[in-house]
Amino acid sequence: MKHISLLGATGSIGTQTLDVIRQFPEQFKLVAMSVGKNIDLAIKQIYDFSPQLVSVQNKEDYEKLLLQIPERTKVVYGSEGLLEVATYPSSDVLVNAVLGSVGLGPTIAAIKEGKTIAIANKETLVTAGHIVTKEAKNYQVPLLPVDSEHSAIYQCLNGERQDDIDRLILTASGGSFRDRKREQLEGVTVEEALNHPNWSMGAKITIDSATMMNKGLEVIEAHWLFDIPYEKIDVVLHKESIIHSMVEFIDRSVIAQLGTPDMRVPIQYALTYPNRLERTASERLNLWEIGKLHFSKLDFERFRCMAYAYEAGRVGGTMPTVLNAANEEAVAAFLASKITFLEIEYLIEAALERHQTISLPTLETIIEVDQETRTFIHSRI
Ligand code: NDP
Ligand code: MG
């Protein structure tokens, strides 16, 4: 039986992780979880899963929650609370499905406690990939990807030698506006942007898919998870999201991982790795029902966030921290209808342009640059 700590239990990945735990009560037990502000759902989850520890984002909700749940459940809050959940002594695995770079501290703390990390929280790897991967190596802790593309690559690389990898090929659905030209993005609404054709996900990542920043963040995530240089990471548009990603080897053999788009499959794989468990709750892939799969080349002028991400990744140092923090704040502003869709790109570009990169940043430097970038974006909105 694996004991699981879950950050972001009320989110899209969080609730799907709980689905997987619910389906395999003999294999998995939820021992600790964190939520943000969705207290109503948290209460339901606490009664369903009886975790021993729960963390909420702020003190008011902490006080409210205390009155509404069984006494045996310990409640904590704030960033200290996230750390407590991540390092809960009786947990074996941390599923990090919180949103944004707040996931960084808890991930590092959990690694230092020797927990296996199932990572959905890509912002953590983007902002501090060099630290997270180094600590995971030092403490001999597995970093198991939950992101579907990275889970696919992880599976394609099973048993392969690092030197035999020629390139990683990430697939991208193209998001809500994939069939529009750049001129047609003026004045698009939040509702239109949130209407993703293939996946139902949290709001921030759905906007990231529409700007294609999601794929940019995933390129950086892949660089760190698989230790592959940026020139060996390609992206192909594939609107059906059936091929989740591919690896080309030096002998020109290409291995792909396929399946119907269902995040519970990569979540489950991260929880069962290196084994598998029968999933009856997800649809089979019958290629004859799909008939055709489409692929096209990515236009970096159309999807500028892709260009920014590759550039920030190549420059390295604190540049990916700026990319990520600027994006988090710009997307939040777009979701709050404070800026237009295209202004997300302009703000990120402005933040990257003004930043002088600091190489091999420490955790403290990353936190400083992250904050400073957020302040800059606020000043421009
Ligand atoms: P959601 O917005 O659906 O969920 C985010 C979770 O984090 C919620 O539980 C939310 O709490 C909590 N949260 C948000 N901000 C804070 C904060 N400041 N402090 C504490 N808790 C907080 O996001 P997703 O599930 O879509 O995404 C989570 C992560 O997984 C992201 O990094 C994303 O890029 C990645 N990912 C997601 C995929 C998907 O299919 N959704 C696919 C691949 C990766 P509450 O709602 O209670 O306020
Ligand atoms: Mg993905």
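Residues numbered from 1 in each chain as written. Chains lettered and ligands numbered in written order. Predicted model: local features only at pLDDT ≥ 70, side-chain atom pairs only at ≥ 80, totals over all residues. Heavy atoms only, no water.

Before going further, it helps to spend a moment on the side chain of Thr373. With respect to the helices, strands and loops of the structure, Thr373 is situated in helix α16 (residues 363-380). At 2.7 Å, the side chain of Thr373 and the backbone oxygen of Val369 are in polar contact. (Helix = DSSP H or I, 4+ residues; strand = E, 2+ residues; numbered from the N terminus. Polar contact = N/O pair within 3.5 Å; in protein donor to acceptor, adjacent residues only side chain to side chain.)

So, on to the side chain of Thr133. Positionally, Thr133 belongs in helix α6 (residues 122-138). Given the relative accessible area of 18%, Thr133 is considered buried. Apart from the residues lying within four places of it in its own chain, the contact partners of Thr133 are Leu143 and Trp224. (Buried < 20%, exposed > 50% of the residue type's maximum accessible area, 1.4 Å probe, protein only. Contact = heavy atoms within 4.5 Å.)

The environment of ligand 1 is made up of 23 residues, and the closest members are Thr10, Ser12, Ile13, Lys37 and Glu123. Between an oxygen atom of ligand 1 and a main-chain N or O atom of Gly8, the distance comes to 3.3 Å. Between Gly36 and ligand 1, the recorded distance is 2.9 Å, taken from a backbone N or O atom to an oxygen atom. Burial of ligand 1 by the protein amounts to 85% of the accessible area it has alone, namely 900 Å². Listing elements by their share of the shell around ligand 1, those giving two or more residues are α1 (12-23) and α6. Its residues assigned to classes, the shell around ligand 1 comprises 10 nonpolar, nine polar and four charged. (Near = heavy atom within 4 Å. Areas by Shrake-Rupley, 256 points an atom, 1.4 Å probe, with all protein chains shown as cover. Nonpolar A, V, L, I, M, F, W, Y, C, P; charged D, E, K, R; others polar.)

Another aspect to go through is the environment of Glu218. The residue Glu218 is located in helix α10 (residues 213-226) in this model. Separated by 190 residues in sequence, Glu218 and Phe28 have C-alpha atoms that sit 28 Å apart.

What follows concerns the coordination of the magnesium ion (ligand 2). Here the magnesium ion (ligand 2) is held by Asp147 (OD), Glu149 (OE) and Glu218 (OE), and the distances to it run 2.1 Å. For the magnesium ion (ligand 2), the donor residues sit on a single chain with the sequence spacing D-x1-E-x68-E. Placement of Asp147 in the loop between β7 (143-145) and α7 (148-156) and of Glu218 in helix α10 is noted, with a sequence separation of 71 residues between them. Neither Asp147 nor Glu218 differs from the other in exposure class; each is buried. (Donors = N, O, S within 2.8 Å, 3.2 Å for Na, K, Ca; no water.)

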